[in-house]
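Listed here are the chains, written in short residue letters.
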Amino acid sequence: MVVGKSVKRVDAFDKVTGRARYTDDLVDKSALIVKICHSTIAHGMVKSIDKSEAEKIAGVVKILTCFDVPDRPFPTAGHPWSTDPHHQDVADRLLLNRHVRYYGDDIAVVIAEDEVTAEQGVRALKVEYEEFSFVLDPQEAMKDGAPLLHEKFKNNILAHTGYEVGNYEEAILEPGLVKIEGWYDTPTVQHCHIENHICYAEEQSGKIVIVSSTQIPHIVRRICGQALGLPWGSVRLIKPYIGGGFGNKQDALYEPLCGYCCQQVGGRLVKLDVSREETFVSNRVRHAIRYHIITFARPDGRFVARRMEAFSNQGAYASHGHGIVAKGASAFKQIYVDDKATKVDAYTIFTNTPASGAMRAYGIPQVSFAIESNVEDAAEILGIDSLKLRQMNMMPVGYKDDFTKNINYFDSLNQCIAKGKAYIDYERKHAEYAKQTGPIRRGVGMAIFWYNTAVWPISLEASSCRMVMNQDGSVQFEIAETEIGQGADTAFAQMVADTVGVPFEKVHVMSTQDTDITPFGTGAYASRQTYVAGFAIHQIGTQLKNKVLNYASYLTGKPADVLDLVDGIVIDKSTKEPLMPIDELATTALYSLDQAEQFSAEGTTQIKSNAYSFGCGFVEVEVDIPMCKVTLLKMINVHDCGRLINPQLAEAQVHGGMSMAIGYGMGEQLLFDPKTGKPLNNNLLDYKLCTMMDHPDLKAEFVENFEPTSPFGTKALGEPPTCPGAPAIRNAIFNATGVSINQTPMTPHVLFARFKEDGLL
Amino acid sequence: MYDFSALYEATSVQNAVELMQAHPSAVLIAGGSDVLIKMREGKLAGAELISIYKLDELREVTMDPDGALRIGPMTSFSHATNSPMLQKYMPVLGESADTAGGPQLRSIGTLGGTICTGVTSADTASTQVAYDAVLEITSVSGIRKLSIHDFYKGPGKVDLQPGELLTAILIPKESYENCFGYYIKYAMRNAMDIATIGCSVNVVLSPDRKTIRRMRIAYGVAGPVPMRARTAEAALNGMPVGEAAIAAIGEEVLKDVNPRTSWRASAEFRKQIISETARRGLKAAIERAGGVF
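Just so it is clear, the model here is predicted, and its values are computed rather than measured. (Residues numbered from 1 in each chain as written. Chains lettered and ligands numbered in written order. Predicted model: local features only at pLDDT ≥ 70, side-chain atom pairs only at ≥ 80, totals over all residues.)

**Digging into the overall build of chain A**
- A tally of helices and strands in chain A yields 20 helices and 27 strands.
- Since a compact globule built from 761 residues should have a radius of gyration of about 27 Å, the 27 Å found for chain A is in line with a globular shape.
- Referenced to the eigenvectors of the C-alpha coordinate spread, the extents of chain A come out at roughly 90 × 75 × 45 Å.
- For chain A, contacts bridging at least 24 residues in sequence account for 80% of all contacts bridging at least 6. (Helix = DSSP H or I, 4+ residues; strand = E, 2+ residues; numbered from the N terminus. Rg over C-alpha atoms; globule rule 2.2 N^0.38 Å. Contact = placed C-beta atoms within 7 Å.)

This is the structure we're talking about:
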């Protein structure tokens, strides 16, 4: 059995030797180059675009502007399509825009023979605008009279949802309650995957073939069909290896525009390669969300009632929209369970900033920062140890959510906390560090988190796969759940090997998804891959194995149900006697003059469950108060993501997520000029993504409670590692200095202002 | 792909200055770590380039007969860090060079290029200013020398006339002899970053190491160009080694600097860091010189 073992990644050798091919490695050098002209105002109408100078440049092939494109709005979110019109994503995008809604909006393209010429062409365009006033802050954008981005959405509110469990107003009347209240701000950050978005398109056999760096090939095919007004089958979408996505590529980015450019030059090959500067602004960003939390607790620490208001900055276009803040709203009532009442209002609001979309952990890093800051402050105010306060109020074993039907089967949170605090020596240090004085102080902090695996029942959860056996008994495996660097192909191969009963080396995962070949599936997001693919692999792998065993029965004369296929050998289950190696059986079957058969299996598995994934993070910091600097000394995440399919890959997932959390907590924030709306730091020098030199040794540990809903006992791990880091850092700074910092990233600028305010400087 | 119209590869200093005279609008490219970024942004679209990258004669660190250190302006940051001559006589220059960017940048960026671009944040510039470097500038009509203090004219502007090439950075013997320096780069992250404040301090102590005989301090990003804090220097010279001197410099430097508020940092925050780096830099430099607190 190979599940549970740290086998080498199936793509390791190709990736380290440079043999793995990415989109830009595949495109033919004859491709025309597309460069986009972006708006240089934050809000307004394009009055005219003078192309005359650009058209004079030798090598410019075609210029397309917002006055040329069809008036056919389409949605871009990488959600499974809903056949119910009320649940469909908001279709608010055009290929190019006359009404520009953020600084960097797409207004024209130049298609040229090479990159330099295309760039010269873009610079030669003369654009005239009618400028409107603009708004960058979501709460400002909600006010009457604020500049309106989309006519259909009054006060710029894309959506407002809420819920009330119990009766909040009544609950807070209980005598003797202590009130803990705070506002918490989270920043606009970008995914910063290594490979920027890139795609190329050409017409072949009456179809548009688009090769793209995407997480969601089948979804992008649908969106390109919608955007271009083509039958969806007339778009063929191919996804090769990609250099990361983290949710940015869980959206249709420039594939529709690239397809349109291809159509406009007679189906010739065109390539659209996005620069890092464009990636920051004109792709997607993480929603910046502002929270207002009020907690009413009894003096013994029990939460009686809590209230949360959340204001989520959608930016200029709907993309994934309200789903992000809504997921955090679910977390609010589940990670801690109030004795009497919980009330939430969540708003998603358009502003004149880059469109926010999906990003690793989909709203939970944001809400975790707010909740875990509020809980830490509550502990201080109540005079109760913050770990004990959490343990008193967090989701109990046996908790069941009415909507998802998720059940908390295990005491995961306490098990994770026990491991984390032992590693950091939390309790001793927390008490000791609280007494420090002097310019350089240490602190420890922690945070817990909640996560859902996959998207059922909000959205479709299904997975399809195909397995085909070769002459030598090896198996081709195809699935639409994509490898995006996370190691999915390797986990799939392990599960296929064990289910079918062949050695790991005999499983060939077809890493490239091609919508004309690969079975239908929705792609990589929601930490769903291993969980949902596990169901399909179990079902289809069992079918394939049964076909093999039936054939073995024909060959051996023994009934199929006494046979088994184990590690590539057909055996008699009762005697364990080896009967035939799989390669011999497969060769015989394919070349049999009597009963030739190719063993293959294919089908769809619907998944109507979801699974809670939990964990925590602990950090130790050193704070240099006069220098306003925080150094991370130690950091650990502990996760219960069920049984580990590949422990080493799981650890790598956690390290990456922790790194992202460090950036989220300490450095990253996309800034805009308040006077113009222009992005100020859309490059990797001025946007402070953390380097290796800013990381402590990262420690990942696990609690392995076998998830009962999964055939392999697994659940979400892709996104959860990003959740606890930022609030744990915040709480460690609080332990060190007594200063509560209710915004992230906690940069030296923010520390300086807060240290001044609290009299430390 | 970069948008330029011609590349002239200089084969010698003489050839370089001739090329510069023949192509007055051409842009000089050394390591390329600034020029290529500008080109990528489209700022020098269509420019002609004169490359001095192959002029190894400008890459050496040697000593002149009068004892001055002669640093070739094409010396890369990583070569500066690893130069035995600099390690022996002026290690702080190599140390400050080692804080710039990342390994790739340090392999191509040059000590001369970083001052010729006239930027205030250059990590080695403040150390060159703190050591009163003398610059040797060559053109077809000959060689002239000027103090680095006269070289900076404003942000991005230096005293290089058309056709002039920086051919040496000289550190006089009296500048580095018995002198111990320390550089603090303050940035938002620990690598791959530009300085929020750079502070270069050096001291000469009395023979008994109880008195500060000469203290020099220069900053990057405390003003529009790398600058010395002369009031602070005057106040500290002659002071006894001790905590009083450390406390004093933190106050005195604020009389010299004029940082501005921008989206990168507020003036108030910069002042906090200017004071604190002065205190820590002076203390470290004194300790290197054998002073005891």
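Moving on, there is more to tell.
**Looking at the overall build of chain B**
- When helices and strands are counted, chain B shows 13 helices and 14 strands.
- A compact globule built from 293 residues should have a C-alpha radius of gyration of about 19 Å, and chain B, at 19 Å, falls within 12% of that.
- Overall size of chain B, expressed as C-alpha extent along the three principal axes, is 60 × 50 × 30 Å.
- Considering only intrachain contacts with a sequence separation of at least 6, the fraction spanning at least 24 residues in chain B is 64%.

**Some details on the packing of helix α18 (residues 647-666) of chain A against helix α19 (residues 725-737) of chain A**
All names here are of chain A.
- The contact between α18 and α19 brings their axes to 7 Å, and the two run at 50°. If you check the angle between α18 and α19, you find them oblique. Considering the relative orientation of α18 and α19, their crossing is right-handed. Contacts from M658, A661, I662, Y664, G665 and M666 of α18 reach α19 at G725, A726, I729 and R730.
- Taken together, the residues that form the contact of α18 with α19 break down as 7 nonpolar, 2 polar and 1 charged. (Axes fitted to C-alpha atoms, helices over the stretch in contact; angles between N-to-C directions. Parallel < 35°, antiparallel > 145°, perpendicular 65-115°, else oblique. Left-handed = near helix turned anticlockwise from the far one by under 90°. Nonpolar A, V, L, I, M, F, W, Y, C, P; charged D, E, K, R; others polar.)

**A word on the domain arrangement of chain B**
- The domains assigned to chain B are domain 1 (4-50), domain 2 (57-174) and domain 3 (178-288).
- One C-alpha centre belongs to domain 1 of chain B, the other to domain 3 of chain B; they are set 36 Å apart. (Domains from an automatic or database assignment.)

**Brief notes about the pairing of strand β14 (residues 303-315) of chain A**
Residues and elements named next belong to chain A.
- In terms of residue burial, β14 counts as a mostly covered element, since 12 of its 13 residues are buried.
- Two strands pair when backbone bridges link them, and strand β13 (residues 288-297) and β14 are joined in this way by 10 bridges, in the antiparallel orientation. Among the inter-strand pairings, A297 is bridged to a residue of β14, identified as F303.
- For the crossover that starts at β14, traverses helix α10 (residues 323-335) and ends in the parallel strand β15 (residues 341-350), the hand is right-handed. (Buried ≥ 20, exposed ≤ 12 C-beta atoms within 10 Å, placed from the backbone. Pairing = 2+ DSSP bridges. Right-handed = clockwise from strand over helix to strand, strands pointing away.)

**Focus on unusual backbone geometry**
All names here are of chain A.
- Here the amide bond leading from W456 into P457 is cis, since omega sits at 0°, within 30 degrees of zero.
- On the secondary structure map, P457 appears in the loop between β16 (440-452) and β17 (462-469).
- Residues T744 and P745 are joined by a peptide bond in cis, for which omega reads 5°.
- By the secondary structure assignment, P745 is in the loop between α19 and α20 (748-757).
- At D425, a position not held by glycine, the phi torsion is positive, near 60°.
- When you line up the elements, D425 lands in the loop between α13 (412-424) and α14 (426-433).
- Here D425 falls in the partly exposed class, since 14 other C-beta atoms lie within 10 Å of it.

**Some remarks on the sheet that holds strand β21 (residues 563-566) of chain A**
Residues and elements named next belong to chain A.
- Judged by pairing direction, the sheet is antiparallel, and its 3 strands sit side by side in the order β21-β22-β23 without closing on themselves. The outermost strands of the open sheet, each flanked by one partner alone, are β21 and β23 (578-581). For this sheet the average axis-to-axis angle between neighbouring strands, irrespective of direction, equals 25°.
- Of the pairings in the sheet, the one linking β21 to strand β22 (residues 569-572) comprises 4 bridges and is antiparallel in character.

**Considering the environment of A:V220**
Residues and elements named next belong to chain A.
- With respect to the helices and strands, the residue V220 is situated in helix α7 (residues 217-228).
- Along the sequence, V220 and E255 sit 35 residues apart, while their C-alpha atoms lie 7.5 Å from each other.
- With residues up to four places along the chain from it excluded, the contact list for V220 reads S212, T214, L237, A252 and E255.

**Let's talk about the confidence of the model for chain B**
- Averaged over all residues, the pLDDT of chain B is 97; the fraction at 70 or higher stands at 100%.
- As scored by the predictor, the complex reaches a pTM of 0.97 and an ipTM of 0.96. (pLDDT = per-residue confidence, 0-100.)

**Quick word on helix α8 (residues 255-264) of chain A**
Residues and elements named next belong to chain A.
- Of all 10 residues that make up α8, 8 are buried, and the element is covered over most of its length.
- Listed in full, the buried residues belonging to α8 are E255, P256, L257, C258, G259, Y260, C261 and C262.
- Positive backbone phi, at 70°, marks G266, one or two positions downstream of α8.

**Considering the pairing of strand β13 (residues 212-220) of chain B**
Residues and elements named next belong to chain B.
- Among the 9 residues that make up β13, 7 are buried, leaving the element largely enclosed by the rest of the structure.
- By the bridge criterion, 8 bridges tie strand β12 (residues 197-205) to β13 in an arrangement that is antiparallel. When the sheet's bridge partners are listed, V204 is paired in β13 with R214.
- In textbook terms, the turn of a hairpin is the stretch between consecutive antiparallel strands, and for β13 and strand β14 (residues 227-228) this stretch comprises 6 residues, one of which, V221, has a positive phi near 70°.

**Details of the domain arrangement of chain A**
All names here are of chain A.
- You can read the domains of chain A as domain 1 (29-132 + 212-265), domain 2 (134-196 + 274-394), domain 3 (396-451 + 612-761) and domain 4 (462-606).
- If you average the C-alpha positions of domain 3 and of domain 4, the two centres end up 40 Å apart.
- At the interface, 16 residues of domain 3 touch 13 residues of domain 4.
- It is α18 that provides the largest number of residues to the side of domain 3 that touches domain 4, a total of 3 residues.
- Here the residues of the side of domain 3 that touches domain 4 are counted per class, giving 9 nonpolar, 5 polar and 2 charged.

**Concerning the sheet that holds strand β7 (residues 142-147) of chain B**
Residues and elements named next belong to chain B.
- Strand order in the open sheet made by the 5 strands is β4-β5-β10-β6-β7, with antiparallel pairing throughout. Only two strands of the sheet have a single partner each, and these edge strands are β4 (61-63) and β7. Along the sheet, successive strands turn relative to each other by an average axial angle of 25°, direction set aside.
- In the sheet, strand β6 (residues 134-139) pairs with β7 via 6 bridges, with the strands oriented antiparallel.

**Details of the interface of chain A and chain B**
- On the side of chain B, 16 residues touch chain A, which itself brings 23 residues to the contact.
- Every element with two or more residues in the side of chain A that touches chain B is listed here: α4 (115-124) and α20 of chain A.
- Considering each element in turn, the side of chain A that touches chain B owes the most residues, 5 residues, to α4(A).

**Digging into α19(A)**
- With 13 residues, α19(A) should cover 18 Å at 1.5 Å per step; its first-to-last C-alpha distance of 18 Å lies within 8% of that length.
- Positive phi appears at A:G738, one or two residues downstream of α19(A), with a value of about 75°. (Expected span 1.5 Å × (residues − 1).)

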